[in-house]
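Summary of the model geometry
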Amino acid sequence: MANRKINKRDIEKLLSQWGQEFTVLAPSKESGIATMSKWNGKHANFLDWYRNTVIPPKGNFFPSMEKMFNFQKDKEGYHLELPASNEQKQLIFGIRPCDARSLAILDMTFKDAYEDPYYLPKRKNALLVGLGCTNPYDSCFCTSLGINPAESSDVDLMLIDIGDEFLIEEVTDKGKKLIAAASGVEEASEADEAKAKEAKEASYNKVTRKIDTEDIKRKLSSSFDNQDFWEGIAAKCISCGICTFLCPTCYCFDINDELAKGLGARFRSWDSCAFPIYTKMPMENPREEKWRRVRQKVYHKYGFYPMNFGVIACTGCGRCIRQCPVNWDITQTLDRLPAEA
Ligand code: SF4
Ligand code: SF4
């Protein structure tokens, strides 16, 4: 079956239709910060300003703070009350290909040593409708990580901007079913397909920042003990943790209990290897000096994750570059890795 297309002015109707079955999330601004939030049900004005969200979509599956369970303490001990299973169906409209890839990368962690009962049900119940980038940031370098900003195999449906319309690619069976029942869509012509091909090439070429991933593994393994290098790289970092909180593939969390008058709850919340107090609760921080923590961030993404899962845990989304208060730049660090030990 040929691809479909939809006129941009019919997107609101499409979202309303999907809203009858799903909780539709779309780009929106909360206190001026772009995030994927519940669609307002009124308009699709985000198409005019949206480039990418500041808060990555990992927050829709792995919230910054989440209650794990309630508990009660009495003379007989502790009694747990688990949360009701989450059957809510989410549809994320407008996810960028880099962020869709980040979820595929996170899935590996949350399915690895154990199946995470908080993240995985939300993932299972979600549909992803991707939207190709037409205006990537200077800080984006997704193409160096094998991602085309207007193409994705990590979504259910992929929309590509072809002028007044979006071409719709059906990527999964779930996506196929979703679009088969949608109103306002029509079959794409050969001319539309040609426009989509051009749009993909144009988007790809707009990403001009590059990193060389070929030699990174070797350079990382020979640079691990190069303290002078890492001290220089870490000098301006202020250990604020923003780069890790906003990174779509970072997943470290902390667990805390709140207890008052015998009633309590356990929460998990995002944590960051950039913090000096990271892991201090169970024992001391094995990375007390800042240069060790900055090194850890780089190695985790480009060294340890590929060792464990065979993929680099960075999508080149550029958030850590755009949002760092002191302009620390992971691409410069990778570029400056010494060629020899
Ligand atoms: S955002 Fe910048 S300053 Fe903050 S921890 Fe990351 S690299 Fe350091
Ligand atoms: S390390 Fe930076 S560029 Fe890479 S995925 Fe994380 S935030 Fe994006």
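Within each chain, residues carry numbers counting from 1 in the order of the written sequence. Naming scheme: in the order in which they are written, chains are lettered from A and ligands are numbered from 1. Only residues with pLDDT of 70 or above have their local features reported here, since the model is predicted, and side-chain atom pairs are shown and tallied only from 80 upward, although totals for entire chains, interfaces and linings are computed over all residues. Only hydrogens and water are set aside when side-chain values are computed; all heavy atoms of the structure are taken into account.

Attention shifts here to the overall build of the protein chain. Helix and strand assignments follow DSSP, with helices taken as H or I runs no shorter than four residues and strands as E runs no shorter than two, numbered in order from the N terminus. Within the protein chain, the secondary structure is distributed over 12 helices and 12 strands. When we talk radius of gyration, it's over C-alpha atoms, and the globule rule is simply 2.2 Å times the number of residues to the 0.38. For 341 residues, the compact-globule formula gives about 20 Å, and the C-alpha radius of gyration of the protein chain, at 22 Å, lands near that figure. Taken along its principal axes, the extent of the C-alpha atoms in the protein chain is 60 × 60 × 35 Å. In this scheme, a residue with accessible area under 20% of its type's maximum is buried, one over 50% is exposed, and one in between is partly exposed, where area comes from a 1.4 Å probe on protein chains only. The buried share of the protein chain, taken over its 341 residues, is 51%. A fraction of 73% describes how many contacts in the protein chain between residues 6 or more apart in sequence connect residues 24 or more apart. Exposure was quantified through the Shrake-Rupley algorithm and a 1.4 Å probe, taking into account, for residues, occlusion by the shown protein chains and nothing else. Entry remark: accessible area of the protein chain is about 17,200 Å², with carbon and sulfur atoms responsible for 50%. We treat Lys and Arg as the positive residues and Asp and Glu as the negative residues; His and chain ends play no part in the count. Lys charges are placed at NZ, Arg charges at CZ, Asp charges at CG and Glu charges at CD. Where the 47 positive side-chain charges of the protein chain centre and where its 48 negative ones centre are 3 Å apart. Only heavy atoms enter the contact rule, under which two residues are in contact if any of them lie within 4.5 Å.

For the rest of this paragraph, the subject is the layout of surface pockets. Empty space among the atoms becomes apparent when a probe as large as a water molecule is rolled across them. A 1.4 Å probe that fits into a set of points on a 1 Å grid over the protein atoms alone but cannot get out defines a cavity; an open set with protein on both sides within 12 Å along at least five of seven lines defines a pocket, and lining residues are those with an atom within 4 Å of a point. Grid points are joined across faces, edges and corners, and a volume is the space filled by probe spheres set on the points. Put simply, the largest pocket is a space of about 340 Å³. Lining the largest pocket we find 16 residues, and of these E21, F22, K89, L127 and L178 sit closest to its centre. Those elements giving two or more residues to the lining of the largest pocket turn out to be α1 (11-19), β7 (126-131) and α5 (173-180). With 4 residues, α5 is the single largest residue contributor to the lining of the largest pocket. Its residues assigned to classes, the lining of the largest pocket comprises 7 nonpolar, 3 polar and 6 charged. Three residue categories are used. Nonpolar comprises Ala, Val, Leu, Ile, Met, Phe, Trp, Tyr, Cys and Pro, charged comprises Asp, Glu, Lys and Arg, and polar comprises the others, including Gly.

Okay, the site of ligand 1 next. In these notes, residues near a molecule or strand are those with any non-hydrogen atom within 4 Å of it. Close to ligand 1 lie 13 residues; C237, C240, G241, C243 and C324 are nearest. Partitioning the shell around ligand 1 into residue classes produces 10 nonpolar, 2 polar and 1 charged.

So, about the site of ligand 2. Around ligand 2, the surrounding shell consists of F141, C247, P248, K301, C314, T315, G316, C317, G318, R319 and C320. Among the residues forming the shell around ligand 2, the class breakdown is 6 nonpolar, 3 polar and 2 charged.

Here we come to the sheet that holds strand β5 (residues 77-81). Pairing is antiparallel across the open sheet formed by 4 strands, whose spatial order is β5-β4-β12-β11. The open sheet has two edge strands, β5 and β11 (253-260), and neither has a second partner. For this sheet the average axis-to-axis angle between neighbouring strands, irrespective of direction, equals 25 degrees. Pairing between strands is defined by DSSP: at least two bridges between them are needed. Summarising the sheet, β11 and strand β12 (residues 263-270) pair through 8 bridges and their orientation is antiparallel. Counterpart to D257 in the pairing with β12 is R266. The axes used here are C-alpha line fits, helices contributing only the stretch in contact, and every angle between their N-to-C directions lies in the interval 0 to 180 degrees.

Right, let's talk about the domain arrangement of the protein chain for a bit. How far each domain reaches was decided by an automatic or database domain assignment. Once the domains are mapped, the protein chain shows domain 1 (4-206) and domain 2 (213-335). The gap between the C-alpha centroids of domain 1 and domain 2 is 25 Å. Each partner contributes residues to the interface: domain 1 has 42 residues there, and domain 2 has 41 residues. In short, buried area is how much 1.4 Å probe accessible area vanishes from two parts on joining, totalled over both. By the criterion of area lost to domain 2, the three top residues of domain 1 are F62, F71 and F141, representing 18% of everything that side buries. Salt bridge, as used here: a side-chain nitrogen of Lys or Arg that lies within 4 Å of a carboxyl oxygen of Asp or Glu. On the surface where domain 1 and domain 2 come into contact, there are 3 salt bridges.

Attention now goes to the environment of I105. As for its position among the elements, I105 is in helix α3 (residues 97-110). Given a relative accessible area of 4%, I105 falls into the buried group. Excluding its chain neighbours within four sequence positions, the residues that come into contact with I105 are T249, Y305, V311, I312, A313 and T315.

Bringing the pattern of salt bridges into the picture now. Two side chains of opposite charge can pair, provided their charged atoms sit close to one another. Evaluated as defined, the whole model comprises 19 salt bridges. Here D329 and R209 are joined by a salt bridge, their closest N and O atoms 2.8 Å apart. Here R209 lies in the loop between α6 (190-206) and α7 (216-223) and D329 lies in the loop between α11 (319-323) and α12 (330-336), a separation of 120 residues in the sequence. Under the relative-accessibility criterion, D329 is labelled buried at 9%. Each of the salt bridges in this network shares a partner with another, and the network as a whole consists of E66, D116, K122 and R268.

Moving on, we come to the side chain of D99. Its location among the elements puts D99 in helix α3. In terms of polar contacts, D99 uses its side chain to reach the side chain of N52, at 3.3 Å. If we skip the residues at most four places from it in the chain, D99 touches N52, T53, P57, P248, C317 and R319. Here a polar contact means two N or O atoms within 3.5 Å. Within protein one must be a hydrogen donor candidate and the other an acceptor candidate, and residues neighboring in sequence count only if both atoms are side-chain atoms.

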